[in-house]
Amino acid sequence: MTQSHESSSEPSLDLEVIREFGPFRAYANHVRIDTGVAPDKVVKTHCCFCGQQCGVQLKVKDNTVVGIEPWYEFPFNRGMLCPKGVKRYLQQQHPDRLLHAYQRDSAAPGGFRQLDYAAAIQRVAETIERIQTEHGADAFAVLSGASLTTEKTYLMGKFAHMCLKTANIDYNGRLCMVSAAAGNKKAFGIDRAANPWSDILGAEVILITGANVAECAPITTNYVWQAREHGAKVIVVDPRITPLARTCDLFLPIKPGRDTALFNGILHLMIENDWLDHDFIQAQTVGFEAVLQATREWTPAKTAEVTGIAEKSIRQAAEWWGQAKTSFLMHARGIEHHSHGVQNVLSTINIVLASGRIGRPSCGYATITGQANGQGGREHGQKCDQLPGGRDLSNPEHRAHVANVWGIAPDELPRPGVDAYEIMRKAHAGEIRGLLSICFNPVVSLPDNNFVRAALEKLEFFVAIDFFMSETARYADIVLPGSLQEEDEGTVTQAEGRIIRIHQAVECPGEAKQDWRVIQDIARALGRERGFTFASPREIFEELRVASKGGVSDYSGVTYENIEEHYGVFWPCRSAATPSGAAAEPEPGPRGTPRLFEPGSWNPIAGGAGPFYFPDGKARFNVTAYVGPAEDVDVEYPIMLTTGRVVSQFLSGNQTRRIGPLVDHYPEPRVEIHPRLAQRLGVGDGDWTTVTSRRGQCTLRASVVATIRPDTIFIPYHWGGRKSANQLTISAQDPISKIPEYKVCAVRVAPAEAPPEYASELEPQQ
Ligand SMILES: Nc1nc2c(c(=O)[nH]1)N[C@H]1C(S)=C(S)[C@@H](COP(=O)(O)OP(=O)(O)OC[C@H]3O[C@@H](n4cnc5c(=O)[nH]c(N)nc54)[C@H](O)[C@@H]3O)O[C@H]1N2
Ligand SMILES: Nc1nc2c(c(=O)[nH]1)N[C@H]1C(S)=C(S)[C@@H](COP(=O)(O)OP(=O)(O)OC[C@H]3O[C@@H](n4cnc5c(=O)[nH]c(N)nc54)[C@H](O)[C@@H]3O)O[C@H]1N2
Ligand code: SF4
Ligand SMILES: [Mo]
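Report follows, based on the coordinates. (Residues numbered from 1 in each chain as written. Chains lettered and ligands numbered in written order. Predicted model: local features only at pLDDT ≥ 70, side-chain atom pairs only at ≥ 80, totals over all residues. Heavy atoms only, no water.)

### Quick look at the pattern of salt bridges
Working step 1: Enumeration over the complete set of coordinates arrives at 42 salt bridges.
Working step 2: A salt bridge links Glu496 to Arg498; its shortest N-O distance comes to 3.0 Å. Across the pair, exposure class does not vary: Glu496 and Arg498 are buried alike.
Working step 3: Note that Glu564 is salt-bridged to Arg501, the shortest N-O span being 3.4 Å. Here the residue Glu564 occupies a position in helix H21 (residues 560–566), and Arg501 occupies one in strand E22 (residues 498–502), the gap between them amounting to 63 residues. (Salt bridge = Lys/Arg side-chain N within 4 Å of Asp/Glu carboxyl O. Buried < 20%, exposed > 50% of the residue type's maximum accessible area, 1.4 Å probe, protein only. Helix = DSSP H or I, 4+ residues; strand = E, 2+ residues; numbered from the N terminus.)

Laid out in C-alpha cells, this is it:
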C-alpha cells in the first residue's frame, strides 16, 4: 500500500487510519429469504433500487411477495444482492401502501380524505384544462422519474409534449447523472457507459473518483476486487475513506469540488513524462493541442495546493495511470454534483483519451448510473430538451421524425422547456400554476428545500402519483395511487447500457393502478386520448422502437424476446433494416453493442468514419478550466459540507425508511466529523450538533470518524423534515447540465442541546 500524506494546508487522511478499521467485508452476498411459506410462483426480475439492477427471483404467494431466491444465471450479479435488495421484498406488503386516491382536506385526519379514483382523475383533467386555458399550455408542468420503466418514461415525455403540449417536463435524473450525460455527449457524442463491467476484470489500474462504490454500487465492488486479485492497482479519490477505499492501493483525499484541478494535474504529468498514446490521439481525437496548452499551469505543486492532496500521491497516481497497459476509470456523483460537474467529468475523460485506453477489451470508462433506470430514463424524451432515441427537441429533423411517429405536425411539438429546479422557481414566481409529479420526491431531494416547499405551496394545483405518501405528496391537492415496480412489467437499462426485463410479480392492490394506466386515464378524461390507448407496456415498447430508430439511443432491434434470450441487450441495437437501408452497415447483432467505440464500428452519426458518435468519428478533448465551488468557506461558515448516501437507505427514503431491518441498520442521519475537528468544537461521538448554512439549519447527532477530511463534514440525505440535509444545501447549478451542487457548500458546526420533540417529523427546523 502506498501512503498518502499531509496536504499543504490541512493534515489529511493516512493509511494507518484505514488499517484501524480492519478488513472490509463486501455488502454483496448470496441470500435466500425463506419465510416458511411455500410460494405459488417464483418470478425472475430485477431489484427496484439502484442502477446496477441486480437479477433476483421474487417468491409470490396469494398476490403477496413473501421472499427472495438468488438468480444465479443473471450474469451481472450472479445471485448476489446488497442489503437493500435482500429486504426489498418487505415493501409490497407494507400497511402504508396507498390503496385509493386522496384529496387534500385540512379537516380530515392526516390532512387527506379518500376519493373515488374516477372522480380524482376527472378533477385532475378539469383542472389541467382550466389552468392551460387561462394561463397557456406551459403553465402546467410535469416532473417525472428515472425509477420508472423505459416504457413509462417514454409515455411521460409523449404525455407532456403531445397530450398536454407543455414545454415544461423534466425529471429527477436532473439531480443525478446529467453532468455525466452532458460530458459524455461533448466528448464521445453518446451518453452511455463505454463498457460492460466485465472489462473491469482485466484492467491493470482502476481509478475511482467520487463514487462510494461499496455502499452505492455494492456489486461493482466484486468486479474491482476480482481485478485486484489479478494484480490490478486500485486508486480511490474521495474526501472520505469509503469502505472500498480501505482496500485500495492509493487513496487521494481530495477537498470537495477540486477534481478538475486534480485531473488537469495528472494530465500535466502524463504529458511531461510522455505517458501518451500518440497514435490514438492523432487518429481518433481532436482538440489535444488546446488541452496540452491549458494543462501547462497544473504543476504538481499547484495541483497539491488546490486539491489538498500530497504531491507525492498525485505523482504516484499519474505514474500508475500513465504507464498502465489496460485501465478502467469510474466516477459517480462525487464529481458530478457540482456547479462545474461537467468540467469535472470532462477532465477525467481527457486522461482516458490521452491514454488511448478505450474501445478495447479491459480498457474502459464509465459513470456509475444511480437510479434503477437512470440510463433508460434519460434517453427517451422526459428530459426538458429531449425527444425519444436521445434526439433533440430543438433539432428540426429530430422533431419531424418523432412527430411523424406520433401522427402530429412537427409544429405541434413544444420547444425545449426548463429544468426541474427552474420549474420550482417558476412555480414560486407564479408562472407555473399547476404540476403533475410522478416518481419524484423533491421536498426531500432538491437542494435548499425550504424554497421548494414555498414553491409547492404557491401552486394552484398539484397532483402526485406515488405508492406511499411521500413528503412531497403531502403538498398535493390530489394523490393518485400508482404502481410498485413488482406490480408492472417493462424494460429498464442498467448501468452497463444493458436493457433488461422487469416482470410483474403481483397485481396492484385496492384502487391502485399501473402508472401508465393512470397517465392514459388522465389523457382520456381530457378528451385527448389519441396516442394514449396502449393496452400493455409491450405496445408502448413497440412504438418506442420505431421512435428511437436512427437516433443515438437506437432500440429498434431490441425485442422483449431477445432481451430474455441473452440476459439483456446493449443499446445501440439497430433493426435489420437500418435507417438508410445501406447493406454495408455492420449489424450490432442480437446482443446489441456491449462495448462502445471499438475500432471499425459503425454508428448512425459517423457512419463508418470512426468509432465515436460525431460526423468525423473522432472523440473530443475539452479544455477544462478549474473553477472553485459556488460557495467557498469563510470566517462565518468555515467548514465544507458534503452530502450523499449510506448503504441501507435509498434516495429520498420514501421506500427504505419503511423497511424495518434497513431502518435498524441506519435509523437516523448523523453528521460525520473528524476527531480533530470534533475536539476543536467540543463535540463527542453521539452528541447533538447543529449545522448551519446560509439557507437553513439542522440538528443531528455527530458520528466522530477518522475517515473524513478534518475540513469537511458529511451528512446522508435520505430523510425529510427537520432531519433533511437539503435544508442546508445550495441551489447553485452547473450552467450546462443544470445539476445542483449537492457535494459542497459552506457551513458552521456547533454543539447543541437535544432538539425538542416535534409534533411531526415532517416539520422542517426553523
Ligand atoms: N445505498 C444506496 N445506494 C445507492 C443510492 C442510495 O440512495 N443508497 N442511490 C443511487 C443513486 S440515484 C446514485 S446517484 C448513486 C450515487 O452513488 P455515489 O455517487 O457513489 O454516492 P454519493 O454518496 O452521492 O457520493 C459518492 C462519494 O463522493 C464523495 N465526494 C464528495 N465530494 C467529492 C468531490 O468533490 N470529489 C470527489 N472525488 N468525491 C467527492 C463522497 O464522499 C462520497 O463518498 O448511488 C445509487 N445507489
Ligand atoms: N443533498 C443531497 N440531495 C440529493 C442527492 C445527494 O447526493 N445529496 N442526490 C440526488 C440524486 S443523485 C437523486 S437520484 C435524487 C433522488 O431524488 P428523488 O427522485 O426525489 O428520490 P426518490 O426516493 O427516488 O423519489 C421517488 C419517489 O417516487 C416513488 N416511486 C419510486 N418508484 C416509483 C414507481 O415506479 N412509480 C411511482 N408512481 N412512484 C415511484 C417513491 O416512493 C418516491 O416517493 O436525489 C438527489 N438529492
Ligand atoms: S440496491 Fe443495487 S446493488 Fe443493491 S441489490 Fe438492488 S440493484 Fe443490486
Ligand atoms: Mo442519483
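### Concerning the site of ligand 1
Working step 1: If you check the shell around ligand 1, you find 35 residues, and the closest are Asp238, Gly257, Asp259, Arg645 and Gln649.
Working step 2: Between ligand 1 and the protein, one listed contact pairs a nitrogen atom with a backbone N or O atom of Gly210 at 3.2 Å.
Working step 3: For ligand 1, an oxygen atom lies 2.6 Å from a polar atom in the side chain of Asp238.
Working step 4: Here ligand 1 has 910 Å² of accessible area as a free molecule, and 99% of this is covered by the chains.
Working step 5: Only helix H6 (213–216), helix H13 (333–336) and strand E25 (639–644) provide two or more residues apiece to the shell around ligand 1.
Working step 6: Residue contributions to the shell around ligand 1 peak at three residues, all from H13.
Working step 7: Counting the residues that make up the shell around ligand 1, at least three belong to each of domain 3 (194–367) and domain 4 (639–751). (Near = heavy atom within 4 Å. Polar contact = N/O pair within 3.5 Å; in protein donor to acceptor, adjacent residues only side chain to side chain. Areas by Shrake-Rupley, 256 points an atom, 1.4 Å probe, with all protein chains shown as cover. Domains from an automatic or database assignment.)

### So, the site of ligand 3
Working step 1: By nearness alone, every residue bordering ligand 3 is listed as Cys47, Phe49, Cys50, Gln52, Gln53, Cys54, Leu81, Cys82, Lys84, Gly85, Pro218 and Ile219.
Working step 2: For the shell around ligand 3, the secondary structure elements donating two or more residues are helix H2 (83–87) and helix H7 (218–229).
Working step 3: By residue class, the composition of the shell around ligand 3 is eight nonpolar, three polar and one charged. (Nonpolar A, V, L, I, M, F, W, Y, C, P; charged D, E, K, R; others polar.)

### Considerations on the state of the cysteines
Working step 1: Within the structure shown, the criterion is met by zero disulfides.
Working step 2: Residue Cys48 stays outside any disulfide, its sulfur separated by 4.9 Å from that of Cys47, the closest cysteine. (Disulfide = S-S within 2.5 Å.)

### Looking at the packing of aromatic side chains
Each aromatic ring pair is specified by the distance between its two centres and by the angle formed by the two planes.
Working step 1: Throughout the structure, instances matching the rule amount to 21 aromatic pairs.
Working step 2: Taking the centre distance of 5.7 Å and the plane angle of 55° together, the rings of Phe188 and Tyr365 count as tilted. Residue Phe188 is found in helix H5 (residues 178–188), and its partner Tyr365 is found in strand E15 (residues 363–367); the two are separated by 177 residues along the sequence. Comparing Phe188 with Tyr365 shows no difference in burial state: the two are buried.
Working step 3: Considering the side-chain rings of Phe188 and Phe597, the 5.0 Å spacing of their centres and the 35° angle between planes classify their relative orientation as tilted. In this pair, Phe188 is assigned in helix H5 and Phe597 in the loop between strand E23 (569–570) and strand E24 (619–620), connecting sequence segments 409 residues apart.
Working step 4: Its relative accessible area of 1% is what places Phe188 among the buried residues.
Working step 5: With relative accessibility at 4%, the residue Phe597 sits in the buried group.
Working step 6: Across the ring face of Phe532, the terminal group of Lys158 is positioned such that the distance to the ring centre comes to 5.3 Å.
Working step 7: In this structure, Arg240 is placed above the aromatic ring of Phe714, and the distance from its NZ or CZ to the ring centre is 3.6 Å. (Phe/Tyr/Trp six-rings, centres within 6.5 Å; stacked < 30°, edge-to-face > 60°. Lys NZ or Arg CZ within 6 Å of the ring centre and 35° of its normal.)

### Section: the sheet that holds strand E8 (residues 140–144)
Working step 1: Ordered in space as E7-E6-E20-E19-E18-E8-E9, the seven strands form an open sheet in which the pairing is mixed. Taken across any chain shown, the strands that pair with only one partner, and hence form the sheet edges, are strand E7 (112–115) and strand E9 (169–171). Each adjacent strand pair in this sheet contributes to an overall mean axis angle of 20°, direction not counted.
Working step 2: Across four bridges, E8 lies against strand E18 (residues 434–438) in parallel orientation. Bridge pairing in E18 links Val142 to Leu436.
Working step 3: Against the sheet, helix H4 (residues 150–164) makes contact with E8, E9 and E18, and its axis sits at roughly 170° relative to E8, the strand it touches most. (Pairing = 2+ DSSP bridges. Axes fitted to C-alpha atoms, helices over the stretch in contact; angles between N-to-C directions. Contact = heavy atoms within 4.5 Å.)

### Here we look at the sheet that holds strand E4 (residues 64–70)
Working step 1: The strand order E2-E3-E4 describes an open sheet built from three strands, whose pairing is antiparallel. The open sheet has two edge strands with one neighbour each: strand E2 (41–46) and E4. Along the sheet, successive strands turn relative to each other by an average axial angle of 35°, direction set aside.
Working step 2: Here strand E3 (residues 55–61) pairs with E4 via six bridges, running antiparallel. Note on E4: the bridge partner recorded for Lys61 is Thr64.

### Some remarks on helix H16 (residues 420–428)
Working step 1: For H16, the complete set of buried residues consists of Ala420, Tyr421, Ile423, Met424, Lys426 and Ala427.
Working step 2: Contact partners of the buried residues in H16: E8, E9, E18, helix H17 (442–445) and helix H18 (449–458).
Working step 3: N-cap assignment for H16: the residue whose side-chain oxygen lies 3.0 Å from the backbone N of Tyr421 is Asp419.
Working step 4: Phi for Gly430, located one or two positions after H16, is positive at around 85°.

Distances and angles like these do not, on their own, reveal function.
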